[in-house]
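Listed here are the chains, written in short residue letters.
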Amino acid sequence: MPEKYGYYAIVMTFVGAIFGAGFVSGQELLQFYASYGLYCAFGLILMVLLYILLSYMTMALSYDKKIKSYEEVIVGKNEKAKIICNVTINIILFFVVIIMFAGAGSLLNNFFGINKAIGSITLALLVMIICLSGANKIVDVFKFIVPTMVILTIVSSLLGIINGNELLTFSNIEGVKQPTPFWFTSTLLAVSYIFIVQISILSPIGRQAKDKKNILIGSILGSLAIGIVATLICFALLKNANVIVGVDMPMMIISNNVSSILGLIYLVVLAIGIFTSCLAMMFALINRFAQSKIATERNKKIGVIVVCLIALGLSLAGFSNLISIVYPIVGYIGFLANGGVIYQFIKNKAQKTT
């Protein structure tokens, strides 16, 4: 019988999947939140509220209807819409893998000066080996690793805030690419991007949750944890705005400026974040492929190798460039997906009351 997930497993999986290279590095938070100065505080509050709402709706809907395929959370039983949804989300998951590979390259380059291709190749090989081995304990990995990541990120951010010498203002950070001119629309895009990816992870978790009380508690605690860490990172970025413009891994630069030991610790945090996020996306892709008609064991292994090699090649476009291009596009697509979740949730509630 499948394991029933309580709120702790839900929180760890939710947080672990979001704590990827874009988030923990500070690059995603810099572009979508901190670049607007202190206005980012309003964006972060809105982010937490939307995270609670969307994560609960996704998992509760999956729990109520025992949905086996995450597309149904978005489009219901419409087969044509499910195909379109499946293809779209798989493409998005693939681009997240590309960004994680690029993040691994930037990580080693920023800290050790190693050629970016080396880090990307190393992560690609590691993910490829694990996926080919058939490991499927991603939730257990998250339960063990995520608390460590959260604690170390909080410590690094607090020290970065204390060490920073920039004044906190409502002015934009000059030289940072912004997805939209306004903090409000930027927040909506960022949340939309996150959740079109999260649907494929939260839906199976919701289906196997112990009950809806655990889903609600998990949604609230997970969203608050992300909100607290995101706030600390954003304030660390604002307090060190003079040294982070134009770098791929701003939080690692901030940590390294505090002390080389803290920089090394944050290197580990980033490496874990990149690895767990990339592995989660690859497992989501593999699980979708496993349900197809051509999913023999041999074809699955070939698929893993092909996906990793293509993603590796495309990752050479650069980490910050990929985030500034891919995330906003995915965010706009996510408006449709997240709107579908809200519609299906309301429709399910209406059916239960009639």
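Before going into details, it helps to say that this report is about the structure given with it. Remember, predicted model here, so these are calculated numbers, not experimental data.

### Some thoughts on the packing of aromatic side chains
The full count for this structure, using the stated rule, is ten aromatic pairs. Relative to F345, the ring of Y56 has its centre 6.2 Å away and its plane inclined at 70 degrees; by these criteria the two rings are edge-to-face. With a gap of 289 residues between them, Y56 in helix α4 (residues 40-65) and F345 in helix α15 (residues 319-353) connect regions that are remote in the sequence. Taking relative accessible area as the criterion, F345 reaches 13% and is therefore assigned buried. What links up through ring pairs into an aromatic cluster is the set Y39, F42, F170, W183 and F184. Of note, K66 hangs over the ring of Y63, and the distance from its end group to the ring centre comes to 4.0 Å.

### What about the nonpolar core?
Counting 115 residues, the largest nonpolar core has F23 and Y33 as the members making the most contacts within it. With 15 residues, helix α13 (residues 260-290) is the largest single contributor of residues to this core.

### Some words on helix α7 (residues 116-133)
Relative to the 26 Å expected for 18 residues at 1.5 Å per residue, α7 spans 26 Å between its end C-alpha atoms, a close match to the ideal helical length. The set of residues buried in α7 consists of G119, S120, L123, A124, V127, M128 and C131. Buried residues along α7 cover an arc of 160 degrees about the axis, so they all sit on one side. Facing away from the buried surface of α7 by more than 90 degrees, the exposed residues are I129 and S133. Sitting at the amino-terminal end of α7 is N115, which places a side-chain oxygen 2.8 Å from the backbone nitrogen of A117.

What counts, and at which threshold
Per chain, residue numbering runs from 1 following the sequence as it is written. The model is predicted, so local features are restricted to residues of pLDDT at least 70 and side-chain atom pairs to those at 80 or more, both for listing and for counting; the totals for chains, interfaces and linings are taken over all residues. Think of the side-chain values as coming from all heavy atoms in the structure, minus any hydrogens and water. Stacked, tilted and edge-to-face are the three classes applied to pairs of Phe, Tyr and Trp rings, where Trp contributes its six-membered ring and a pair requires centres within 6.5 Å; stacked means planes under 30 degrees apart, edge-to-face means over 60, and tilted covers the rest. Strands are runs of DSSP state E lasting at least 2 residues, helices are runs of H or I lasting at least 4, and numbering of each runs from the N terminus. Between buried and exposed lies partly exposed: a residue is buried under 20% and exposed over 50% of the maximum accessible area for its type, with that area taken using a 1.4 Å probe on protein chains only. Charges are assigned to positions over rings by a cutoff of 6 Å between ring centre and Lys NZ or Arg CZ, combined with an angular limit of 35 degrees from the ring normal. We define the nonpolar core as a collection of buried residues of types Ala, Val, Leu, Ile, Met, Phe, Trp, Tyr and Cys that are connected through side-chain atoms lying within 4.5 Å of one another. One less than the residue count of a helix, multiplied by 1.5 Å, gives the span that helix is expected to have. Each direction from the helix axis to a C-beta atom contributes to the arc, which is the arc of those directions. Polar contact criterion, stated in full: a pair of N or O atoms within 3.5 Å, where within protein one must be able to donate a hydrogen and the other to accept it, and residues adjacent in sequence count only if both atoms are side-chain atoms.

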